[in-house]
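Architecture and fold: a report
As a plain string of letters, each chain reads:
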Amino acid sequence: LTTAKIVYASMTGNNEEVASIIDEKLQDMGIQTDMSDITFSDVNEFSEYDIAFMVPYSYGEGELPDEALDFYEDLLEIDLTDKIFAVAGSGDVFYEDAYCITVDDFTKAFLKIGGIQAAESLKINLAPDLEDIENIEQFTEKAVNFYEA
Ligand code: FMN
């Protein structure tokens, strides 16, 4: 596994930060990365990388973020059979049942199109604190080492 694609959706920066932590960890592990904002990303890019990371925020108590709608619909139209993927995202525990619901939505979407989940989906409350950073790094490492585990 040598290359990774990270797509994030972030309005106030928390998920961009989560994506950056994943990106840095991957680079530390010697993996070539490409990180992009969902608005400027195409679902077909995932096919060109060994592992796919998705990092969305959650909004509107269960609705997808507006700028994630097209991407999500497009994702369901492609075939990512046997592509390993991992989803992490920051939401707000205030939303209780809808906490990080978009993380769950994308996890289900990747599974539906044949993806192999490389790490348990990770939910982060608001801006990542020190413990979250550690968890994000572990999540990243676990995903990358999926086939070695
Ligand atoms: N967080 C959730 O976990 N579930 C939600 O349903 C949800 N709805 C939101 C609706 C509104 C109007 C706003 C302003 C925030 C909502 N959030 C929800 C919280 C954001 O997902 C959270 O603040 C997140 O960290 C923002 O990420 P960002 O900084 O990358 O934009």
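Note: the structure precedes this text.
In this report, we go over the structure that sits alongside the text.

What counts and what doesn't
Residues numbered from 1 in each chain as written. Predicted model: local features only at pLDDT ≥ 70, side-chain atom pairs only at ≥ 80, totals over all residues. Heavy atoms only, no water. Helix = DSSP H or I, 4+ residues; strand = E, 2+ residues; numbered from the N terminus. Expected span 1.5 Å × (residues − 1). Buried < 20%, exposed > 50% of the residue type's maximum accessible area, 1.4 Å probe, protein only. Contact = heavy atoms within 4.5 Å. Near = heavy atom within 4 Å. Polar contact = N/O pair within 3.5 Å; in protein donor to acceptor, adjacent residues only side chain to side chain. Areas by Shrake-Rupley, 256 points an atom, 1.4 Å probe, with all protein chains shown as cover. 1 Å grid on protein atoms, 1.4 Å probe; cavity = no way out; pocket = protein on both sides within 12 Å on 5 of 7 lines; lining within 4 Å. Sits in = over half its atoms within 2 Å of the grid points. Nonpolar A, V, L, I, M, F, W, Y, C, P; charged D, E, K, R; others polar. Pairing = 2+ DSSP bridges. Arc of directions from axis to C-beta.

**A word on helix H3 (residues 101–112)**
- The end-to-end C-alpha separation of H3 is 17 Å, in line with the 16 Å expected for 12 residues at 1.5 Å each.
- The complete set of buried residues in H3 reads Thr-102, Val-103, Asp-105, Phe-106, Thr-107, Ala-109 and Phe-110.
- Packed against the buried residues of H3 are strand S3 (51–55), helix H2 (69–75), strand S4 (84–91), strand S5 (116–117) and strand S6 (122–125).
- In the stretch just after H3, Gly-114 is the one whose phi turns positive, near 100°.

**Considering the site of the ligand**
- Lining the immediate environment of the ligand, one finds 20 residues, of which Ser-10, Met-11, Thr-12, Ser-58 and Ser-90 sit closest.
- The side chain of Thr-12 places a nitrogen or oxygen atom 2.4 Å from an oxygen atom of the ligand.
- Measuring from an oxygen atom of the ligand, one finds a backbone N or O atom of Cys-100 at 2.7 Å.
- Contact with the protein chains removes 83% of the 650 Å² of surface that the ligand exposes when unbound.
- Taken atom by atom, the bulk of the ligand overlaps the largest pocket.
- At the level of secondary structure, the elements contributing two or more residues to the shell around the ligand comprise helix H1 (14–28) and S4.
- Partitioning the shell around the ligand into residue classes produces eight nonpolar, 10 polar and two charged.

**Topic: the pairing of S3**
- Among the five residues that make up S3, five are buried, leaving the element largely enclosed by the rest of the structure.
- The side-chain alternation of S3 yields two buried faces, one formed by Ile-51, Phe-53 and Val-55 and the other by Ala-52 and Met-54.
- Direction of pairing for strand S1 (residues 3–8) relative to S3: parallel, over a ladder of five bridges. Residue Ala-4 lies in a different strand from S3, and its bridge partner there is Ile-51.
- Here S3 pairs with S4 via four bridges, running parallel. By the bridge assignment for S4, Met-54 is matched with Val-87.

**Some thoughts on helix H4 (residues 130–144)**
- Taking 1.5 Å per residue as the helical rise, H4 with its 15 residues ought to reach 21 Å, and the 21 Å between its terminal C-alpha atoms agrees with that figure.
- All buried positions along H4 are accounted for by Asp-132, Ile-136, Phe-139, Thr-140, Ala-143 and Val-144. On an axial view of H4, the arc spanned by its buried residues comes to 125°, and they lie on one face. With respect to the buried face of H4, the exposed residues turned more than 90 degrees away are Leu-130, Glu-131, Glu-134 and Lys-142.
- Close packing links the buried residues of H4 with H1, S3, S4 and S6.
- Of the residues flanking the start of H4, the one acting as N-cap is Asp-129, its side-chain oxygen 3.1 Å from the backbone nitrogen of Glu-131.

These figures capture arrangement, not role.
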